[in-house]
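Take a look at the letters that make up each chain.
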Amino acid sequence: MFQRRRQVRIETERMTLRPPQHGDYGAWSSLRAEGRDFLVPWEPSWSPDHLSRKAFSNRVYWAARAVASDTALPVFLIRRDDQRFLGALTLDNIRRGPAQAGTLGYWVGQRHARQGYMREAIEAVVHYAFTTLDLSRIEAACLPENAASRGVLEKSGFKYEGVAQSYLQINGRWRNHVLYSNLRSDRRGRTDVG
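Residues numbered from 1 in each chain as written. Predicted model: local features only at pLDDT ≥ 70, side-chain atom pairs only at ≥ 80, totals over all residues. Heavy atoms only, no water.

**Focus: the overall build of the protein chain**
- Per the secondary structure count, the protein chain includes 5 helices and 8 strands.
- Taken from N to C terminus, the helices and strands of the protein chain fall in the order β-β-α-α-α-β-β-β-α-β-α-β-β.
- Since a compact globule built from 194 residues should have a radius of gyration of about 16 Å, the 17 Å found for the protein chain is in line with a globular shape.
- Seen along its three principal axes, the alpha-carbon backbone of the protein chain occupies a region of about 55 × 45 × 30 Å.
- Across the 194 residues in the protein chain, those meeting the buried criterion constitute 43%.
- Here the analysis covers contacts within the protein chain between residues at least 6 apart in sequence; of these, 61% occur between residues at least 24 apart.
- For the protein chain, the accessible surface area stands at approximately 10900 Å², while carbon and sulfur atoms represent 49% of it.
- Charged side chains of the protein chain number 30 positive and 20 negative; the gap between the two group centres comes to 2 Å. (Helix = DSSP H or I, 4+ residues; strand = E, 2+ residues; numbered from the N terminus. Rg over C-alpha atoms; globule rule 2.2 N^0.38 Å. Buried < 20%, exposed > 50% of the residue type's maximum accessible area, 1.4 Å probe, protein only. Contact = heavy atoms within 4.5 Å. Areas by Shrake-Rupley, 256 points an atom, 1.4 Å probe, with all protein chains shown as cover. Lys, Arg positive; Asp, Glu negative; His and termini not counted. Charge placed at Lys NZ, Arg CZ, Asp CG, Glu CD.)

**A short note on the side chain of Asn146**
- For Asn146, the location among the structural elements is in the loop between β6 (137–142) and α5 (147–155).
- By relative accessible area, which is 12% here, Asn146 ends up buried.
- A distance of 3.1 Å separates the side chain of Asn146 from the backbone nitrogen of Ser149, its partner in a polar contact. (Polar contact = N/O pair within 3.5 Å; in protein donor to acceptor, adjacent residues only side chain to side chain.)

**Considering the sheet that holds strand β3 (residues 73–79)**
- A sheet is described by the order of its strands in space; here 8 strands give the open sequence β1-β2-β3-β4-β5-β6-β8-β7, paired in mixed fashion. Of all strands in the sheet, those with a lone pairing partner are β1 (10–11) and β7 (159–170), marking the two edges.
- The pairing of strand β4 (residues 85–95) with strand β5 (residues 101–108) spans 7 bridges and is classified as antiparallel. Bridge pairing in β5 links Gly87 to Val108. (Pairing = 2+ DSSP bridges.)

**Brief notes about the packing of aromatic side chains**
- Scanning the entire structure with this criterion turns up 6 aromatic pairs.
- Linked through ring pairs, Tyr25, Trp28, Phe56, Phe76, Phe85 and Trp107 together constitute an aromatic cluster.
- Lying over the aromatic face of Tyr117, Arg14 brings its terminal NZ or CZ to 4.1 Å of the ring centre.
- Across from the ring centre of Trp107, 4.5 Å away, lies the NZ or CZ of Arg32, which sits over that ring. (Phe/Tyr/Trp six-rings, centres within 6.5 Å; stacked < 30°, edge-to-face > 60°. Lys NZ or Arg CZ within 6 Å of the ring centre and 35° of its normal.)

**Some details on unusual backbone geometry**
- In this model, Ser166 sits at a positive phi of 45 degrees, which is unusual for a non-glycine residue.
- Summarising the element assignment, Ser166 is placed in strand β7.
- Although it is not a glycine, Asn171 sits at a positive phi angle of roughly 50 degrees.
- Structurally, Asn171 can be placed in the loop between β7 and β8 (173–183).
- Asn171 gets classed as partly exposed once you look at its relative accessible area, which sits at 41%.

**What about the nonpolar core?**
- Formed by 35 residues in total, the largest nonpolar core has its most connected members in Leu17, Leu73, Leu89, Leu91, Val125, Ile138 and Phe158.
- Going through the elements one at a time, β2 (15–18), β3, β4, β5, α4 (117–131), β6, α5 and β8 are the ones with two or more residues in this core.
- It is α4 that provides the largest number of residues to this core, a total of 10 residues.
- If sequence neighbours within four positions are ignored, Leu73 has contacts with Val8, Ile10, Leu89, Thr90, Leu91, Ile94, Val125, Tyr128 and Leu133.
- In this structure, Tyr25, Leu31, Leu51 and Val60 belong to the second largest nonpolar core, which totals 13 residues. (Core = buried A, V, L, I, M, F, W, Y, C linked by side-chain atoms within 4.5 Å.)

**Some remarks on the pairing of β4**
- Of the pairings in the sheet, the one linking β3 to β4 comprises 6 bridges and is antiparallel in character. Each residue of the ladder has a partner; that of Phe76, found in β4, is Ala88.
- What sits between β4 and β5 in their antiparallel hairpin is a turn of 5 residues, with Gly97 showing a positive phi close to 70 degrees.

By themselves, these figures tell us nothing about what the structure is for.
Have a look at this one:
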């Protein structure tokens, strides 16, 4: 039976969010290479071929399969006024059934940091996840000392939930992460009494 592939294109005030395409390789590899020292402390270790065209092509094919199979929503942040590539965001590990949840990960190029792009993108993807994908919970995690990441999550409606010990290998070491979530119907902080 033929299944129509979901076309993902999310518009925000300043950006278009869409899955990666083969033609994005130059902009992606340049922004990642130029910001290596900015990104490496917060990310899993880069493989030796991380910035290669082949590795990027594999990323594009994975993104298409993930969107088609409803297991992830990987999008690139493209500024509309000049078509400049700014960074990426992935809603991954989408779980259906009783969970209806996904895990958010993101990065922005150093020269585009602290300009509100990631907050705008996170809010748009969370809205899309709740309204179009019918998810109920979006989770995110970051290193405790990553004040910028914690700030963007909190400003985007995520609430702190706790600490996960040795949650991910970051830059070659198992690291604790602070956990956040955003719920479609968030009643945390309210009680039947109050």
